[in-house]
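Descriptive structure summary
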Amino acid sequence: MLLGRTANGLYWMHRYIERAENVARLIDAGLRMALTRASSAADEWSSVIMSAGMRPAFEQKHSAYTARTVSEFMLRDRENPSSVLSALASARTNARMVRTALTRDVWESVNGAWIGLSTLLDQPVAESDLPQVLDAIKRAMSEIRGTFHGTMLRNEIFWFSQLGTFIERADSTARILDVKYYVLLPTVSYVGRAMDNYQWESILRSVSAHRSYRFVYSGNYNPVQIAEYLILDARMPRALRFSYDNIDESLTLLAEAYGQRFECHDGAQRTLKSLAERSIQSIFEAGLHEALTAFITENNRLGAEIARVYNFE
Amino acid sequence: MTPFDEMLLGQGEGDGQGQEVRAPYRLLNEWMKSQPLDKLRLKAEDAERVFRKTGITFAVYGDAEAAERLIPFDIVPRIITGREWRKLSQGIEQRVVALNAFLDDIYHRQEIVRAGRIPKELIAQNKAFVPEMMGFRPPGNVYTHIIGIDLVRTAENEFYVLEDNARTPSGVSYMLENRETMMQLFPELFQQIKVLPVETYPQMLRESLSALAPASRANANPTVAVLTPGIHNSAYFEHAFLADQMGVELVEGSDLRLVDGRIAMRTTEGYRPIDVLYRRVDDAYLDPLTFRPESALGVPGIMDVYRAGRITIANAPGTGIADDKAVYSYMPEIIEFYTGRRPILENVPTWRCSVASDLNYVLEHLNELVVKEVHGSGGYGMLVGPAASKKELAAFTDKLKANPGNYIAQPTLALSTTPILTKAGLAPRHVDLRPFVLVSDRIRIIPGGLTRVALTEGSLVVNSSQGGGTKDTWVLDD
């Protein structure tokens with residue numbers, strides 16, 4: 001038995017942990033690109049802010065896209081609800097609320113991450129310290145995930161947590177793809193054309209997939225293949241298909257445990273079915289932007305529907 | 001006035017050199033002497049890290065900067081012998097029996113008032129009195145299920161009850177975490193010295209609560225839940241800790257509502273009824289339909305369900321009448337009235353400022369006394385005469401004259417000291433003790449309790465909200 005409020009806390013705790021990590025990953029990719037392409041550093045940082053969906057809020061506070069302004073805004077600005085520090089604070093508040101549902105290991109890793117990182121991010125981060133800071137964030141998040149997978153019982157608590165993680169992740173990957181392709185592919189005629197490698201590498205880096213991509217495709221960067229990889233691949237942990245395999249699995253296990261299926265179960269399966277059956281060519285033909293926009297809307301709707309039927313909206 | 005030192009025999013300020021060590025502390029003392037000071041200090045730092053990472057924090061009201069603070073923990077255990085403990089237990093047991101008999105009487109025929117043993121105004125005009133409880137008898141006639149009795153020691157065989165906490169005593173989670181931490185830091189010490197366990201407390205608490213489920217649910221496996229005001233409450237850590245350790249749900253008012261005549265919690269599979277609610281929400285906030293209408297912390301209608309015998313609330317509403325500081329001064333009479341025996345544990349002599357002759361005495365001897373608010377707690381709003389400045393004494397004189405009924409006064413007791421670890425080594429500091437008692441089908445007392453320690457040299461104020469710390473408390477298995 002699980003309180004609705006506890007399910008809510010677990011779901012959001014994991015969304016915020018995932019968000020903190022995704023934001024750190026985006027900054028990491030931006031830093032790498034800005035370092036290798038000094039001439040267009042501002043463009044790279046602007047693209048990072050766009051991918052994070054933070055452009056309007058950022059431009060209200062800052063006039064220039066630099067490593068300093070962007071990392072300040074994305075890492076430690078408490079007025080930005082999706083900054084690493086804000087996301088971490090929200091994750092910890094939720095974890096405190098659902099403490100009784102977590103193992104001591106998980107709680108201590110979340111609390112430890114908050115204590116360590118809030119101290120680390122107490123002062124503005126010098127550009128030279130960025131790599132270490134980002135590394136510390138990623139390691140803290142890995143520790144949380146490690147204790148979570150290593151110590152939590154596989155029951156409803158685990159499944160609601162997984163739903164939070166993968167709904168957030170699917171949203172993040174879809175948004176990154178949408179923004180990057182919007183910038184990189186102004187017209188359909190670009191599709192299939194060889195482009196500057198580094199642009200494509202930046203997409204893959206944003207989701208930490210630049211190594212695995214080469215392992216899977218063993219060739220040059222190709223926009224159609226990259227989209228295929230991040231949308232349809234069931235092996236790639238940040239792909240939409242992978243996220244939906246997990247969402248569907250958690251929902252199915254919940255339905256079995258509770259002996260009841262809802263509309264959200266069918267909805268998730270419809271999305272999964274289309275990710276499993278559609279080809280990347282058909283997605284491009286119908287319009288990548290349209291497909292991703294529809295996906296993001298449907299993903300949000302699913303999250304709201306889950307909260308409603310399981311009494312935690 | 002030299003305080004009683006629980007470790008060292010003999011008089012005067014001592015550093016342990018050449019002074020005889022009391023028997024219960026001998027093994028500990030030898031072990032401490034064998035440890036280099038810097039190693040002990042490192043252990044103390046380890047302990048602080050453990051506490052912070054575990055999130056064993058508390059909020060201090062009126063201190064926005066330190067939203068979550070640690071209660072300082074001292075690594076030197078406080079030791080009580082088995083013999084001392086057995087006598088304390090008897091006194092504690094007698095006291096909680098009397099407290100529950102008193103509550104039952106107050107909410108029924110008020111025989112004690114009729115007999116003229118306590119004044120009528122003490123009850124009738126008391127803010128902690130809950131008229132909605134009149135004529136209602138909770139399961140097992142138990143009103144106060146979970147009690148903390150604050151004790152102080154002044155000599156080898158002299159213990160006093162400083163106050164009874166019959167509403168929602170807190171601190172038991174620190175007792176448990178202190179032991180856990182000590183066992184992690186000094187496992188070898190526990191092999192040398194046999195200490196009675198405290199870690200059974202959560203199980204005891206669950207058994208104790210379950211045993212008083214409503215009669216209609218007595219044969220089922222009752223559903224227990226802990227009601228917390230939420231994560232911003234100063235004792236939230238403890239609420240979550242106890243729910244977790246008992247394996248029951250931690251609920252907030254917003255999770256609960258009236259469903260088919262019972263109080264039920266909203267779960268992912270719909271509403272599930274609760275049989276026993278261990279509430280850590282004050283009376284005034286428990287039911288907006290009965291008490292404060294603006295309260296969002298409670299459950300509308302819970303008092304009706306309670307009075308219909310369909311949920312057990314621990315502690316019962318209205319138990320505050322028994323731990324009021326003005327009522328405290330009548331505890332010797334109360335114990336005799338209901339148990340027919342002299343109190344085993346003594347009260348601290350108390351002047352009631354509502355009585356004119358007492359007030360005159362208090363005003364004349366203010367610089368020797370401790371003055372407390374009748375309804376106060378946590379060490380807020382109290383005056384320690386010997387430590388107060390002329391200005392503070394004058395200000396308090398005005399307060400006393402303006403509202404004498406709001407205060408009681410007690411002599412400044414020479415609280416016993418036990419050693420703490422300071423930068424320079426061991427040094428004595430004043431302590432008190434809060435044993436925790438569970439009343440249900442039978443009385444369960446956990447050996448020991450929470451020792452609170454004033455960390456500042458000479459200070460007598462042990463409250464954590466005023467900078468006090470805690471220690472692990474060892475009752476020897478002898």
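Residues numbered from 1 in each chain as written. Chains lettered and ligands numbered in written order. Predicted model: local features only at pLDDT ≥ 70, side-chain atom pairs only at ≥ 80, totals over all residues. Heavy atoms only, no water.

So, about the sheet that holds strand 16 (residues 383-384) of chain B. Strand pairing within a sheet occurs via backbone hydrogen bonds; the two strands may be parallel or antiparallel. Residues and elements named next belong to chain B. Spatially, 14-17-15-16 is the arrangement adopted by the four strands of the open sheet, whose pairing is antiparallel. Strands with a single pairing partner mark the edges of an open sheet, and in this sheet they are strand 14 (351-352) and strand 16. Direction of pairing for strand 14 relative to strand 17 (residues 407-411): antiparallel, over a ladder of two bridges. Along strand 17, the bridge assignment pairs Arg-352 with Ile-408. (Pairing = 2+ DSSP bridges. Helix = DSSP H or I, 4+ residues; strand = E, 2+ residues; numbered from the N terminus.)

Residues and elements named next belong to chain B. As for its placement among the helices and strands, Asp-5 is situated in the segment before helix 1 (26-34). No salt bridge is formed by the buried Asp-5. Its closest oppositely charged neighbour is Arg-22, at 7.2 Å. A polar contact of 2.8 Å, which involves the side chain of Asp-5, links it to the backbone nitrogen of Met-7. (Buried < 20%, exposed > 50% of the residue type's maximum accessible area, 1.4 Å probe, protein only. Lys, Arg positive; Asp, Glu negative; His and termini not counted. Salt bridge = Lys/Arg side-chain N within 4 Å of Asp/Glu carboxyl O. Polar contact = N/O pair within 3.5 Å; in protein donor to acceptor, adjacent residues only side chain to side chain.)

A word on the interface of chain B and chain A. Tallying the contact residues gives 24 residues for chain B and 27 residues for chain A. Between chain B and chain A, the buried area comes to about 2400 Å², and carbon and sulfur atoms account for 47% of it. The three residues of chain B that bury the most area against chain A are B:Lys53, B:Arg266 and B:Thr268, which together make up 29% of that side's buried surface. On inspection of chain B and its partner chain A, the count reaches four salt bridges. B:Glu252 serves as the salt-bridge partner of A:Arg5, at 3.3 Å between the closest nitrogen and oxygen. Where chain B touches chain A, the interface holds 14 residue pairs in polar contact (both at pLDDT 80 or more). Listing elements by their share of the side of chain B that touches chain A, those giving two or more residues are helix 2 (37-54), helix 9 (236-246), strand 7 (249-251), strand 9 (262-267) and strand 10 (270-273) of chain B. Tallying contributions element by element places helix 9 of chain B first for the side of chain B that touches chain A, with five residues. (Contact = heavy atoms within 4.5 Å. Buried area = accessible area lost by both parts, 1.4 Å probe.)

Residue and element names in this part refer to chain B. What you see with strand 6 (residues 224-227) is no split at all: Val-224 and Val-226 on one side and Ala-225 and Leu-227 on the other are buried throughout. Sheet analysis places strand 6 next to strand 7, joined by three bridges and oriented parallel. Across the sheet, Val-226 pairs through a bridge with Leu-250, a residue of strand 7. With respect to chirality, the unit in which strand 6 leads through helix 9 into the neighbouring parallel strand 7 is right-handed. (Right-handed = clockwise from strand over helix to strand, strands pointing away.)

Let's shift gears to the pattern of salt bridges. Between side chains of opposite charge, a pair can form when the charged atoms approach closely. Within the structure shown, the criterion is met by 52 salt bridges over all chains. Across the pair A:Glu18 and A:Arg238 runs a salt bridge, and its minimum N-O distance is 2.4 Å. Pair noted here: A:Glu18 is in helix 1 (residues 4-36) and A:Arg238 is in the loop between helix 11 (223-232) and helix 12 (240-258), with a separation of 220 residues, a long-range link. Classification of A:Glu18 by relative accessible area gives buried; the value is 1%. The class for A:Arg238 is buried, based on a relative accessible area of 8%. Across the pair B:Arg266 and A:Glu313 runs a salt bridge, and its minimum N-O distance is 3.2 Å. Highlighted residues: B:Arg266 in strand 9 and A:Glu313 in the segment after helix 15 (288-309), drawn from two different chains. Residue classification places B:Arg266 among the partly exposed residues on the basis of a relative accessible area of 22%.

Right, let's talk about the confidence of the model for chain B for a bit. Residues and elements named next belong to chain B. Mean pLDDT for chain B: 91, with 95% of residues reaching 70 or above. Contacts of residues 62-66 to residues separated by more than four positions or lying in other chains number two contacts, the stretch itself having pLDDT below 50. Model confidence for the complex is summarised by a pTM of 0.89, with the ipTM given as 0.84. (pLDDT = per-residue confidence, 0-100.)

Attention shifts here to unusual backbone geometry. Looking along the chain, the bond that leaves B:Ala314 and enters B:Asn315 is cis, with omega of -10°. For B:Asn315, the position within the fold is in the loop between strand 12 (312-314) and helix 12 (325-328). We note that A:Asn311 has phi near 60°; this positive angle belongs to a residue other than glycine. Counting through the fold element by element, A:Asn311 comes out in the segment after helix 15. Classification of A:Asn311 as buried rests on a relative accessible area of 19%. A positive phi angle, near 55°, is found at B:Gln110, a position not held by glycine.

Residues and elements named next belong to chain B. Counting buried residues along strand 18 (residues 417-422), six of its six residues qualify, which places the element largely inside the surrounding structure. Note: strand 18 against strand 19 (residues 425-434), six bridges, orientation antiparallel. Paired with Thr-417 across the two strands is His-430, which belongs to strand 19.

Here the focus is the confidence of the model for chain A. Note that predicted coordinates carrying low pLDDT should not be read in detail. The share of residues in chain A with pLDDT of 70 or more is 94%, and the mean pLDDT across the chain is 91. Of all the helices and strands in chain A, helix 9 (residues 197-206) of chain A carries the lowest mean pLDDT, 79, while helix 12 of chain A carries the highest, 98.

All right, on to the environment of A:Ala136 then. Residues and elements named next belong to chain A. Along the chain, Ala-136 falls in helix 7 (residues 130-151). The exposure class of Ala-136 is buried, given its relative accessible area of 17%. In this structure, Ala-136 is in contact with Leu-117 and Leu-120, ignoring residues within four places of it in sequence.

The next point concerns the nonpolar core. If you look at the biggest cluster of nonpolar residues, it comprises 163 residues, and the most contacted ones within it are A:Met74, A:Leu75, A:Phe160, A:Ile231, A:Ile306 and B:Tyr201. In terms of residues, this core owes the most to one element, helix 1 of chain A, which gives 13 residues. Not counting residues within four places of it along the chain, the set of residues in contact with A:Ile306 comprises A:Phe160, A:Leu163, A:Ile167, A:Leu251, A:Cys264 and A:Phe312. Core analysis: the second largest hydrophobic core is formed by 71 residues, B:Trp85, B:Ile147, B:Leu286 and B:Val374 among them. (Core = buried A, V, L, I, M, F, W, Y, C linked by side-chain atoms within 4.5 Å.)

To continue, consider the sheet that holds strand 7 of chain B. Residues and elements named next belong to chain B. The strand order across the open sheet formed by four strands is 7-6-11-12, and the pairing between neighbours is parallel. Where the open sheet ends on each side, the last strands, each with one partner, are strand 7 and strand 12. Along the sheet, successive strands turn relative to each other by an average axial angle of 25°, direction set aside. With four bridges joining them, strand 6 and strand 11 (residues 276-279) adopt parallel strand pairing. Opposite Leu-227, over in strand 11, you have Arg-279 as the bridge partner. Lying on the sheet, helix 9 is in contact with strand 6, strand 7 and strand 11; it crosses strand 7 at an angle near 150°. (Axes fitted to C-alpha atoms, helices over the stretch in contact; angles between N-to-C directions.)

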